[in-house]
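Here's the letter readout for the chains.
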Amino acid sequence: MKPSGLPSLEWLLFGERFGVKRKAIEITGIVQGIGYRPFVFNLAQTYSIRGWVLNNERGVLIDAEGEDGALDLFIEGLTKLAPPLARIETLKASSIEPQGYSCFEIRQSKGASEGFTLISPDVAICDPCLAELFSPGDFRYRYPFINCTHCGPRFTIIKDIPYDRHKTTMAPFTMCPVCREEYENPLDRRFHAQPNACPTCGPSLRLVDRKGETLSGNALDRTLDLLLQGSIVAVKGIGGFHLVCNAEDRGAVSSLRSRKFREDKPFAVMCRDVEEVKAHCHVQEEEQRLLCSPERPIVLLNRKKSSPIAPGVAPCQNTLGVMLPYSPLHHLLLHGPLKSLVMTSGNVSDEPIAYRNEEVCHRLSEIADFFLFHDRDIHMRCDDSVVQVFKGMPFVLRRSRGYVPFPVKLSFDLEMILSCGGELKNTFSLSRGPYVFMSHHIGDLENMETLISFEEGIGHFKKLFSIEPKAVAYDLHPEYLSTKYALSIEGIPKVGVQHHHAHVVSAMAENGLAGEVIGVALDGTGFGLDGTIWGGEFLRANLRDFERLAHLKQVPMPGGSMAIKEPWRMALAYLFEGFGDKAMDLELDWVKRRDTQKCGILKRMIEKSVNTPLTSSMGRLFDAVSSLLSIRDTVNYEGQAAIELEMAAGPEGKDEYPFEIQEKERPMVVNPIETVKGVVQDLIRDHSPSRISGKFHRTMARLVIETCKRIRLESGLDRVVLSGGVFQNTLFLAFVFDGLKEAGFEVYTHHRVPTNDGGISLGQAVIAHMRCFQCV
Ligand SMILES: [Zn+2]
Ligand SMILES: [Zn+2]
């Protein structure tokens, strides 16, 4: 391509007559490292456009000159026909004086050192690469690291910006002449595909036993044999290691469970294709779209009773978390006799997912029989995302691989802020302009390993997006490690944000809401302004402040955090509340199961307020009822009692239990004690758990709706925002959502950001900005 400068002869002769126009076009979004410039080049050929395209620090710049109509079509195509990974945020085109270019060229990038561009998440292998993977004639036939500019790892391999091969974990691999030619050819699908590789020059697999000895032969074929024989293999993937076994092999599944010290928490399953998913689960249209999307999340689906997947994969659940293969290696593992594999995070109980070859033999040695390594390093660990569908829309429960680091975009600009999130399901956020970069799933910030991962993550995001925070936001809970971390940062303002306010503002931000709303935040635990534990909260909230208008009646938590692990303790607290000394005389299976001496001790603890913090948590009320119904007295993972209560609920009936709204008190108190009494009565009458659970769900929804109505009467507010972990219960969410709509409210809930504590860092960032940088 010859460089253009002076007007060409053709242009001088015909330019005016044919109505030649020239536009300066600036595009922002994910437009780098995903084949956008070659796409622009090809599009320019199609419409005989002359000029150039280049990457700059903000995105892509185009200087385009062509005939009027063709130029319009070209500009339209820049968004409409963009490559699959492109996400166009803005496109600005302004007319300038025609210049008379003779051709179109890709120019050298400018000023990337100042770097602020959006970075693509890791996305699933694309169809052309998949076709090559299984074409015996292709030189990448069965090559587990095949990729192109439209697919493959991004976020997990980038060490620094700008996104260039030498700043990724592909740096140690020198491209062979064939790969290099593809990489340098603007018309090739692998033009500037940073992880481009082939069997000659790229990463490779290695199968290792527990002693660290490499097994001879083809690593992939041997892994397949081992899985078929019932072994558990730690397989290195895109964002970390998975523990993998045959999902239909009951023996393998149960030994994985016992070795991982994970008694009940469901494992995710990876199925060969959509047809295979449909053999195990009911799949609605939106669920299928999510399964097949380039993000490839785990999708929670209703399980079919006939499914041959081992019951131990998801005990006591009607649902199954399923995903489709997203890396070429996954496709290779599922292309043979195995149709579905358990794919659970490679970690021991609460630690973060293992992602380095060095650490994995040591950390997973008690769990995996074999290790399938590869030598492309993972720079940032990233767990699988989890999504379910609510009313035909995605409802993200864990926003991680495939979605991160794509930001949440607001309708206004934020100052640069670091928000540290909560404790469970932690994420942090860093903001810049209209973007909030929410982190990948860090995990439960309860141990050193996770804290290190949290700190490394913050450092990495600051570097990737050139963010130097001007303020830091944190949860008010003084014991959270995220709070302690925030308070240790010196030299910038620190903003403590109430947990449930953060929940509500997170949902407001994702829905683009400003002004005042009724915020309903229902969850397990959140530190309140009065030092008690909140969790059944009705707030009058805006993006800066809130007022607590109503809450669930407080009850004692006998034994503090033990009452979270042992829901029977909450049942006891509610029974004492409702029946006093007669509680232990009730004709209930629940009473028969109790150790009366232990109950006596707890009763005295409650009376003397010893180690019995007060809570208004809705999560704890669900726990208590789960225990009363003999569903769960103790839990093996967070939320288990409430989840199994939801699973038990039958569709029959319209009846509800009574409850009371004590309006004279400020804040108003919503007292569910009559509900608990009603549950007890129904148990004595021998009604089924399915009927009682359904009735309880409807009652709690009614309680929310009636409370919102009272608030509307006084405040005139009619927009309700729903947030908090309790709304992961979609049966309850649907009752609340529909009931509020029926009562004439505008109702908003989460979709792209988790309703659980994984979403609060977004709300924290917005509130901190409003308090520090937005004068009223
Ligand atoms: Zn591809
Ligand atoms: Zn090569």
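This text goes with the structure placed above it.
Residues numbered from 1 in each chain as written. Chains lettered and ligands numbered in written order. Predicted model: local features only at pLDDT ≥ 70, side-chain atom pairs only at ≥ 80, totals over all residues. Heavy atoms only, no water.

Some remarks on the coordination of the zinc ion (ligand 1)
Convention followed: Donor atoms (N, O, S) are those found within 2.8 Å of the metal centre, with the cutoff raised to 3.2 Å for Na, K and Ca; water is not part of the atom list, so apparent gaps in a site can occur. Under the classification used here, a metal with four donors is tetrahedral if each angle lies between 85 and 135 degrees, square planar if opposite donors are over 155 degrees apart and the others between 65 and 115, a six-donor metal meeting that same test is octahedral, and anything else is irregular. When accessible area is computed with a 1.4 Å probe and restricted to protein chains, residues below 20% of their type maximum are described as buried, those above 50% as exposed, and intermediate ones as partly exposed.
Here the zinc ion (ligand 1) is held by C126 (SG), C129 (SG), C148 (SG) and C151 (SG), and the distances to it run 2.2 to 2.4 Å. Around the zinc ion (ligand 1) sit 4 donor atoms, and with donor-metal-donor angles ranging over 103 to 119° the site reads as tetrahedral. Look at where the donors of the zinc ion (ligand 1) fall in the sequence and you get C-x2-C-x18-C-x2-C. Neither residue differs from the other here; C126 and C129 are each classed as buried.

Describing helix α7 (residues 250-259)
We apply this condition: Only runs of H or I of at least four residues qualify as helices and only runs of E of at least two qualify as strands under DSSP, and these elements are numbered from the N terminus. This arc corresponds to the set of directions leading from the helix axis out to the C-beta atoms. Two residues qualify as a contact provided that any one of their heavy atoms is within 4.5 Å of a heavy atom in the partner residue. Under the rule applied, a polar contact is a pair of N or O atoms within 3.5 Å (in protein, one hydrogen donor and one hydrogen acceptor; residues adjacent in sequence only if both atoms are side-chain atoms).
Looking only at α7, the buried set comprises A252, V253, L256 and R257. Down the axis, α7 shows its buried residues gathered within 135° of arc, on one side only. Exposed and oriented more than 90 degrees from the buried face of α7 are R250 and S258. Buried residues along α7 sit in contact with β8 (241-246) and β13 (340-345). At the N-terminal end of α7, a side-chain oxygen is found 3.1 Å from the backbone nitrogen of G251, two or three residues along, and the residue is D249. A positive backbone phi angle near 55° is found at F261, which sits one or two residues after α7.

What about the sheet that holds strand β19 (residues 429-438)?
So the rule is basically this: Pairing between two strands is assigned when DSSP locates at least 2 bridges connecting them. With axes taken as lines fitted to C-alpha atoms, and helix axes fitted only over the stretch in contact, angles between N-to-C directions fall between 0 and 180 degrees.
Read across the sheet, 5 strands follow the order β17-β19-β18-β20-β21 without closing on themselves; strand pairing throughout is mixed. The outermost strands of the open sheet, each flanked by one partner alone, are β17 (408-414) and β21 (494-497). Neighbour to neighbour, the strand axes of the sheet diverge by 30° on average, direction disregarded. Examined bridge by bridge, strand β18 (residues 417-419) and β19 share 2 bridges and lie antiparallel to one another. Bridging from a neighbouring strand, L418 pairs with L430 of β19. Sheet contacts for helix α12 (residues 448-464): β18 and β19; angle to β19, the most-contacted strand, approximately 155°.

Focus on the coordination of the zinc ion (ligand 2)
Binding of the zinc ion (ligand 2) to the protein goes through C176 (SG), C179 (SG), C198 (SG) and C201 (SG), at separations of 2.2 to 2.3 Å. Considering all 4 donor atoms around the zinc ion (ligand 2), angles at the metal cover 105 to 116° and the coordination shape is tetrahedral.

Examining the packing of aromatic side chains
Definition in use: Pairing of aromatic rings covers Phe, Tyr and Trp, the last through its six-membered ring, and needs centres within 6.5 Å; plane angles under 30 degrees mean stacked, over 60 mean edge-to-face, and all others mean tilted.
Evaluation of the coordinates by the stated rule reveals 19 aromatic pairs. Between Y143 and F145, the aromatic rings sit 5.6 Å apart at their centres with planes inclined by 65°, giving edge-to-face as the arrangement. Across the pair, exposure class does not vary: Y143 and F145 are buried alike. On the numbers, 6.1 Å between centres and 85° between planes, the contact of F428 with F454 is edge-to-face. Taken together, the positions of F428 in the loop between β18 and β19 and F454 in helix α12 put the pair 26 residues apart, joining distant regions of the chain. Here the two residues F428 and F454 agree in accessibility, since each one is buried.

Comments concerning the side chain of H697
With respect to the element layout, H697 can be found in helix α22 (residues 689-715). Of note is the side chain of H697, whose polar atom sits 2.9 Å from the side chain of N729. If near-sequence neighbours (up to four positions away) are discounted, H697 is found in contact with F622, L645, E646, A649, N729, L731, F732 and F735.

So, helix α23 (residues 730-742)
To keep it simple, the criterion reads: Expected span of a helix: the number of residues minus one, times 1.5 Å.
End to end, α23 covers 18 Å across 13 residues, agreeing with the expected 18 Å (1.5 Å per residue, within 8%). Within the span of α23, buried status applies to T730, F732, L733, A734, V736, F737, G739 and L740. Of the residues flanking the start of α23, the one acting as N-cap is N729, its side-chain oxygen 3.2 Å from the backbone nitrogen of L731.

What about the pattern of salt bridges?
Stated formally: Salt bridge criterion: a side-chain nitrogen from Lys or Arg within 4 Å of a carboxyl oxygen from Asp or Glu.
Taken as a whole and judged by the stated rule, the model has 49 salt bridges. Here K603 ties to D581 by a salt bridge, and the two come within 2.7 Å at their closest N and O atoms. Residue K603 is located in helix α18 (residues 596-607), and its partner D581 is located in the loop between α16 (567-579) and α17 (589-592); the two are separated by 22 residues in the primary sequence. You can call D581 exposed: its relative accessible area is 61%.

These values are about where atoms sit, not about what they do.
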